[in-house]
Amino acid sequence: MEKRASANKAAKKAAPVRKTAAVKKATVAPRKAAAPVKKASATKTVATKAPGHESRTALVRRARRINRELAEVFPYAHPELDFENPFQLIVATVLSAQTTDLRVNQTTPALFAKYPTPEDLAAANPEEVEEILRPTGFFRAKTKSVIGLSKALVDNFGGEVPGRLEDLVTLPGVGRKTAFVVLGNAFGRPGITADTHFMRLVRRWQWTAETEPEKIEAAVSALFPKSDWTDLSHHVIWHGRRICHARKPACGACPIAPLCPAYGEGETDPEKAKKLLKYEKGGFPGQRLNPPQAYLDAGGKAAPPLGAGE
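How each quantity is defined
Residues numbered from 1 in each chain as written. Predicted model: local features only at pLDDT ≥ 70, side-chain atom pairs only at ≥ 80, totals over all residues. Heavy atoms only, no water. Helix = DSSP H or I, 4+ residues; strand = E, 2+ residues; numbered from the N terminus. Buried < 20%, exposed > 50% of the residue type's maximum accessible area, 1.4 Å probe, protein only. Contact = heavy atoms within 4.5 Å. Areas by Shrake-Rupley, 256 points an atom, 1.4 Å probe, with all protein chains shown as cover. Axes fitted to C-alpha atoms, helices over the stretch in contact; angles between N-to-C directions. Parallel < 35°, antiparallel > 145°, perpendicular 65-115°, else oblique. Nonpolar A, V, L, I, M, F, W, Y, C, P; charged D, E, K, R; others polar. Core = buried A, V, L, I, M, F, W, Y, C linked by side-chain atoms within 4.5 Å. Polar contact = N/O pair within 3.5 Å; in protein donor to acceptor, adjacent residues only side chain to side chain.

Student: I'd like a description of the overall build of the protein, backed by residues and values.
Tutor: Scanning the protein for helices and strands turns up 15 helices and 0 strands. A total of 310 residues make up the protein; the buried ones form 42% of that total. Considering only residue pairs separated by 6 or more positions, the protein has 59% of its internal contacts joining residues 24 or more positions apart. Split by element, the accessible area of the protein, about 16,900 Å² in all, is 54% carbon and sulfur.

Student: Help me get a handle on the packing of helix α11 (residues 196-204) against helix α13 (residues 229-242), residues and values and all.
Tutor: Packed helices, taken two at a time, are described by the angle between their axes plus the distance between the axes. Between α11 and α13, whose axes approach to 8 Å, the crossing angle comes to 85 degrees. When the axis of α11 is compared with that of α13, the two are roughly perpendicular. In this structure, α11 contributes His 197, Phe 198, Arg 200 and Leu 201 to the contact, and α13 contributes Leu 232, Ser 233, Val 236, Ile 237, His 239, Gly 240 and Arg 241. For the contact of α11 with α13, the residue count by class is 5 nonpolar, 4 polar and 2 charged.

Student: Could you give me a rundown of the nonpolar core, with the residues and numbers involved?
Tutor: Counting residues in each nonpolar core, the largest one holds 38 residues, and the members touching the most others are Phe 74, Phe 198, Trp 205, Trp 207, Val 220, Phe 224 and Leu 232. Every element with two or more residues in this core is listed here: α3 (56-73), α11, α12 (213-221) and α13. Leaving out residues up to four positions away in the same chain, Val 220 has contacts with Ile 192, Phe 198, Val 202, Trp 207, Thr 208 and Leu 232. Listed in part, the 32 residues of the second largest apolar core include Leu 121, Ile 147, Leu 168 and Val 181.

Student: Explain the side chain of Gln 106 residue by residue, including any values.
Tutor: As for its position among the elements, Gln 106 is in helix α5 (residues 101-114). For Gln 106, a relative accessible area of 9% gives the class buried. One polar contact links the side chain of Gln 106 to the main-chain carbonyl oxygen of Pro 304, over a distance of 3.0 Å.

See below:
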């Protein structure tokens, strides 16, 4: 009898152990359910390129916040090439390759005074155009491009700059970047201007890890509504020229430092960083000889004409 009683006691003690084992099995189940989530997040290519494996949603929010912050810093941002019509803008943009907008702005007044229309420039003497464009560098190739695009405008588009991407890129010297500058600023049609400043900054901010202009353009445009593209381009380019420089960013004077994964690559001391600021942020003239009034009202200064102060 004593043996049976002790056996029953042992059985009762064993029962809770089996229940505990069942509970342990139940605690394992959530881990299996979580596995697909981890796998799904790993397949998001944008997230793996963002800081700390940032989610797609977090990346979009951070990118848009940066744009909003820059819009407050540069409410007067505009194309930094002087122009009065689409023809002047497309020619100036072609001339801006491998030189500064300032140098182009100092050169185009003489060019447009002598050749105000596509018909005039199409019929120009190349040697005379070369002499005018000499200060911009690569003046022979640029002369060939601007005369060639002028002839194409006259022959194919009735002397008018077309307002479609597929037409613009058929013109000599005109690629997607130039086309989007013209579309966004002469025709009000949104586009991403993936110039060297833009590509450098969006990679520094880890919006994308792409290196080719068209792929960068596609990756960044997917983060913003189409209506933001043109102003976004201005904001990023202005920030790159004034604060977030290629070689020595002014991190200590940067308004978006808390949002930047590359903070610390440049000067972080506020006083030293202020000395790195350029154009109106540093109290110096801008790049346009005839900037918009909003820029002047914000404290910006017009650039000097060619030869002044040199």
